[in-house]
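# A closer look at the structure
As a plain string of letters, each chain reads:
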Number of protein chains: 2
Amino acid sequence: MAAPATGAAPDLPALDLTGDLTDLLVALVDIESVSGDEGRVTDAIEAALRPLAHLELERDGDVLFARTQLGRAERVVLAGHTDTVPIAGNVPAVVTGEGDERVVHGRGACDMKGGVAVQLAVAAALTAPSRDLTFIFYDHEEVEAELNGLNRIARERPELLEATFAVLGEPSNARVEGGCQGTMRAEVTFTGVAAHSARSWMGRNAVHAAGPLLERLSGHTSAEVEVEGLVYREGLNAVRISGGIAGNVIPDRCVVEVNYRFAPDKDAAAAEAYVREVLHGFDVTITDVAVGARPGLDRPVAADFVAAVGGEAWPKFGWTDVARFSSLGIPAVNFGPGNPSKAHADDEFCPTADLHTCRDALLRWLG
Amino acid sequence: MAAPATGAAPDLPALDLTGDLTDLLVALVDIESVSGDEGRVTDAIEAALRPLAHLELERDGDVLFARTQLGRAERVVLAGHTDTVPIAGNVPAVVTGEGDERVVHGRGACDMKGGVAVQLAVAAALTAPSRDLTFIFYDHEEVEAELNGLNRIARERPELLEATFAVLGEPSNARVEGGCQGTMRAEVTFTGVAAHSARSWMGRNAVHAAGPLLERLSGHTSAEVEVEGLVYREGLNAVRISGGIAGNVIPDRCVVEVNYRFAPDKDAAAAEAYVREVLHGFDVTITDVAVGARPGLDRPVAADFVAAVGGEAWPKFGWTDVARFSSLGIPAVNFGPGNPSKAHADDEFCPTADLHTCRDALLRWLG
């Protein structure tokens, strides 16, 4: 049977990988695993996989590998992160609805313990898959990239990631989302002259100066870009603004942080050129960039996957770890249960139907 | 002689009230007295005034009163605060220039230990003034109003402030600045819909929405308002802006803090009506208001003062404690050495010439 109803049990909850998928997801949600605290959920997953004779386990910190070694011509990675953003009164999980209409609510249900549940069920079910499989459960995805477990393995032991194709179980409404968009952050700085606000004409107001930038961003229409048949929708937005130091001082500095989400046809230089073109006339500093990943759906293994799971692929707007595989030369797609727009939401949830759709598609493809 | 060159001496520096005014100001600057730490400078002032037989001293916390009791028909208050904004590497004081061209640089030189030095010199010099005098040296002027020493006395022991006229030694370029402007703070709030910035079209950007407000403020021309012959120049400015919670989230909230400095012809209701008219269409909340003070220069005692010190009066733009006297029905003006636009500046300073101008004018008027 699945774990007890709450993750508060002192001993390790048992995970039933061959029973009801909804129960499995509930059990995973109930083991709190906010980034940095993935040890217990990884222990529980390791304990559940340990008895499966067709899988070779290897643990490196809180990254857990489970591999078949069948000598197949191809190897596929199925990867998912075990950490979540902080709890918001949404653990333990709550199940609503009946039968295939059930929905699991709780932290991580969408991002991405639903995907982890599917991968665990597939790992247990496929004792002799048509392709060799590497399951990877990793830590620290929801925080800065330096801590990301997959990033660490790519840096220190990239051979562990070797594969012809990778499927990341990030929420994608149980459909194939190819590639991912890149993300760039820039700061636009306005400077003025400080003065006491009782004599404002002695100063020059840096906050007022930001008005034209906000108007330009507000009026900007982002591009839709087709890459390998998928249409990516970009976005250029102010995500933060701050200016002013006191209620009686004319601000001499205002900083607007801008986030550009760009299609995977652009490299970092092209993305920067676009930002500088749209924001010409402003003082722009690029502070951070992570390029996206092309869908890679022209490769036979990927086309085969898309055909097996339903024949259609969609663009992925958010940046995900598929870009890490892409940078290692491994085509990768997102395919997982749950609506990505619910990721990180306090009311995140995952429909049981999505769990079944994803599991059945993977079994069809790899069985 | 004046105090030692630094305020670090373990014993109380002696203040020489009858010697060189520049030395006296240097000694006062060198006794650090950031708001909340006025005890030592007040002790030093009390010790310097104690030997003067014509003055009756009374201390209440760090508010010090020194009164003549000559039975004159009128009583004049000369008041100054002893605290400063935080030190910024500008203590001990530095004197540049020679003779009457000397300038004292250092924290509080302008705001307002120059005024305190003048008042101390006048207190020592006028053993039989033409009007009874109440000198007040008070604490906590540079911080929130509830802590203000003068405010506390007005609340608890208003009889100590009784007078026909008050002169506040705040920096005014050694000329009479009548009344003071009022100040109102308002918050303009923009709300939107949060979304992951990779799917920005699912949200509505509250920071972008602030653009039209900033443009309106930027294009706004503030009024010049004549009150009792003095022309006050108003100001309406964004003094702070903040919005956004993370680099990957479309902001659902942006708050702009606006400061309105208004002429003393307006009460709080009129000031609010003006702000709401200029900012019509925006979500405005008034958060704070302190009305100004009319110049009161039509009263005979005030007219007499203006004539004695040079015959011309100017408007005071900044809010000062003259408004506290005004609210007690006591006409009050600002008259002190130093340029008010240097108040709180790290390079604040006070010219020796201003010290002499103010001292001599007060002696002429009250001698």
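Residues take numbers from 1 onward in each chain, read along the sequence in its written order. Here chains are named by letter from A upward and ligands by number from 1 upward, in the order in which they appear as written. Local features in this predicted model are restricted to residues of pLDDT 70 or higher, and side-chain atom pairs are both shown and tallied only at a pLDDT of 80 or more, whereas totals for entire chains, interfaces and linings draw on every residue. Side-chain metrics rest on all non-hydrogen atoms present in the structure, leaving aside hydrogens and water.

### Here we look at the overall build of chain A
Helix and strand labels come from DSSP, where a helix needs a run of H or I of at least four residues and a strand needs a run of E of at least two; each type is numbered from the N terminus. Check the secondary structure of chain A and you find 10 helices and 19 strands. For 367 residues, the compact-globule estimate of 2.2 N^0.38 gives 21 Å, and chain A sits close to it at 23 Å. When accessible area is computed with a 1.4 Å probe and restricted to protein chains, residues below 20% of their type maximum are described as buried, those above 50% as exposed, and intermediate ones as partly exposed. The 367 residues of chain A split such that 59% are buried. The contact criterion used throughout is that any non-hydrogen atoms of two residues lie within 4.5 Å. Considering only contacts within chain A whose residues lie at least 6 apart along the sequence, 77% involve residues at least 24 apart. Element-wise, carbon and sulfur atoms account for 50% of the exposed surface of chain A, whose accessible area totals about 13,600 Å². The convention is simple: Lys and Arg are positive, Asp and Glu are negative, and His and the chain ends are not counted. Every charge is mapped to an atom, namely NZ of Lys, CZ of Arg, CG of Asp or CD of Glu. Side-chain charges in chain A split into 31 positive and 54 negative, and the spacing between the mean points of these groups amounts to 3 Å. We take the radius of gyration over the C-alpha atoms and set the globule estimate at 2.2 Å times the residue count to the 0.38 power. Here, Shrake-Rupley sampling with a 1.4 Å probe gives the accessible areas, and only protein chains in the shown set may cover a residue.

### As for the interface of chain A and chain B
Quoted interface sizes are often the accessible area lost when the parts come together. If you look at the interface, chain A gives 46 residues, while chain B gives 46 residues. Using a 1.4 Å probe, buried area is obtained as the accessible area two parts lose upon being combined, added over both of them. Of the roughly 3,600 Å² buried between chain A and chain B, counting both surfaces, carbon and sulfur atoms make up 57%. The salt bridge criterion pairs a side-chain nitrogen of Lys or Arg with a carboxyl oxygen of Asp or Glu, the two atoms within 4 Å. In this structure, the connection of chain A to chain B is made through zero salt bridges. Here a polar contact means two N or O atoms within 3.5 Å. Within protein one must be a hydrogen donor candidate and the other an acceptor candidate, and residues neighboring in sequence count only if both atoms are side-chain atoms. Connecting chain A to chain B are 18 residue pairs in polar contact (both at pLDDT 80 or more).

### Overview of the sheet that holds strand E13 (residues 235-243) of chain B
A pair of strands is treated as paired once DSSP finds two or more bridges between them. Pairing is antiparallel across the open sheet formed by eight strands, whose spatial order is E16(A)-E9(A)-E15(A)-E13(A)-E13(B)-E15(B)-E9(B)-E16(B). Of all the strands in the sheet, the pair left with one neighbour each is strand E16 (284-290) of chain A together with strand E16 (284-290) of chain B. Between one strand and the next, the sheet's axes are offset by a mean angle of 25 degrees, whatever the strand orientation. Pairing between strand E13 (residues 235-243) of chain A and E13(B): three bridges, direction antiparallel. Here the axes come from fitting lines to C-alpha atoms, over the contacting stretch only for helices, and the angles between their N-to-C directions go from 0 to 180 degrees.

### Let's talk about the relation of the copies chain A and chain B
Copy-to-copy superposition: least squares on the C-alpha atoms, limited to residues that have pLDDT of at least 70 in both copies. Mapping chain A onto chain B is achieved by rotating through 180 degrees and translating by 0.1 Å along the same axis, at an RMSD of 0.1 Å. Read as a symmetry element, the transformation amounts to a two-fold axis. A share of 100% of the interface residues of chain A reappears at the interface of chain B, consistent with the copies meeting face to face through the same patch.

### Regarding the packing of helix H8 (residues 300-309) of chain B against helix H10 (residues 352-366) of chain B
Residues and elements named next belong to chain B. Running from N to C, H8 and H10 cross one another at 130 degrees; their axes reach a closest spacing of 9 Å. With respect to H10, the element H8 is oriented oblique. Where H8 crosses over H10, the handedness of that crossing is right-handed. Between H8 and H10, the contacting residues are Val301, Asp304, Phe305, Ala308 and Val309 on the first element and Ala361, Leu362, Arg364 and Trp365 on the second. Each residue is assigned to one of three groups, with Ala, Val, Leu, Ile, Met, Phe, Trp, Tyr, Cys and Pro labelled nonpolar, Asp, Glu, Lys and Arg labelled charged, and all others, Gly among them, labelled polar. In terms of residue class, the contact of H8 with H10 is built from seven nonpolar, no polar and two charged. For classification purposes, angles smaller than 35 degrees are called roughly parallel, those larger than 145 roughly antiparallel, those between 65 and 115 roughly perpendicular, and all remaining angles oblique. In a left-handed crossing the near helix is turned counterclockwise from the far helix by less than a right angle, and in a right-handed crossing that turn is clockwise.

### Concerning the sheet that holds strand E6 (residues 132-138) of chain B
Residues and elements named next belong to chain B. Spatially, the eight strands line up as an open sheet ordered E1-E2-E6-E3-E7-E18-E8-E17, and their pairing is mixed. The sheet is open, and its two borders are formed by strand E1 (56-60) and strand E17 (313-315), each paired with just one other strand. Here the average twist between neighbouring strands, direction ignored, is 25 degrees. Here strand E3 (residues 75-81) pairs with strand E7 (residues 165-168) via four bridges, running parallel. Bridging across to E7, leucine 78 finds its partner in valine 167. On top of the sheet, helix H3 (residues 109-125) reaches E3, E6 and E7; it is set at about 140 degrees to E3, its chief contact. In the packing of H10 onto the sheet, contacts are made with E3, E6 and E7, and the angle to E3 comes to roughly 160 degrees.

### So, the packing of aromatic side chains
One pair of aromatic rings is described through two measures. These are the centre distance and the angle between the planes. Residue and element names in this part refer to chain A. For this analysis, a ring pair means two rings from Phe, Tyr or Trp (six-membered ring only for Trp) whose centres lie within 6.5 Å, classed as stacked if their planes differ by under 30 degrees, edge-to-face if by over 60, and tilted for the remaining angles. Counted according to the given criterion, the structure contains 16 aromatic pairs over all chains. Where phenylalanine 165 meets tryptophan 365, the ring centres are 5.9 Å apart and the plane angle is 85 degrees; that geometry is what we call edge-to-face. Taken together, the positions of phenylalanine 165 in strand E7 (residues 165-168) and tryptophan 365 in helix H10 (residues 352-366) put the pair 200 residues apart, joining distant regions of the chain. With 4.9 Å between their ring centres and 15 degrees between their planes, tyrosine 260 and tyrosine 274 make a pair best called stacked.

### Digging into the confidence of the model for chain A
All names here are of chain A. pLDDT is a residue-level measure of predictor confidence that goes from 0 to 100. For chain A, mean pLDDT is 93; residues scoring 70 or higher make up 97% of the total. Low confidence marks residues 1-9, where pLDDT is under 50. Its contacts with residues over four positions away, or in another chain, come to 19 contacts. Scoring the predicted complex yields pTM 0.82 and, for the interface, ipTM 0.81.

### Brief notes about the environment of Leu57(B)
Residue and element names in this part refer to chain B. Here leucine 57 lies in strand E1. What makes leucine 57 buried here is its relative accessible area of 18%. Separated by 78 residues in the primary sequence, leucine 57 and phenylalanine 135 place their C-alpha atoms 9.4 Å from one another. Ignoring sequence-local partners within four residues, the contact set of leucine 57 consists of Glu46, Leu49, Arg50, Phe65 and Ala66.

### Quick notes on the UniProt feature "domain: Peptidase M20 dimerisation" (unreviewed entry) in chain A
Mapped onto this structure's residue numbering, the UniProt feature "domain: Peptidase M20 dimerisation" (unreviewed entry) falls at residues 181-279 of chain A. Annotation note: span residues 181-279 of chain A, helix share 24%, strand share 41%, distance between end C-alpha atoms 20 Å. UniProt positions are given in the numbering used here, feature names are shortened, and annotations may be inferred rather than shown by experiment.

### Some remarks on the pairing of strand E15 (residues 253-262) of chain B
Residue and element names in this part refer to chain B. Of all 10 residues in E15, nine are buried, a share of seventy percent or more. Bridge count between strand E9 (residues 182-191) and E15: 10 bridges; the pairing is antiparallel. Bridge assignment links glutamate 187 to a residue of E15, and that residue is glutamate 257.

### A look at the pairing of E3(B)
Residues and elements named next belong to chain B. With respect to burial, E3 is a largely interior element, seven of its seven residues being buried. Of the two faces of E3, the one holding Arg75, Val77, Ala79 and His81 and the one holding Val76, Leu78 and Gly80 are both buried throughout. Across seven bridges, the pairing between E3 and E6 is parallel. For glycine 80, the partnering residue across the bridge sits in E6 and is phenylalanine 137.

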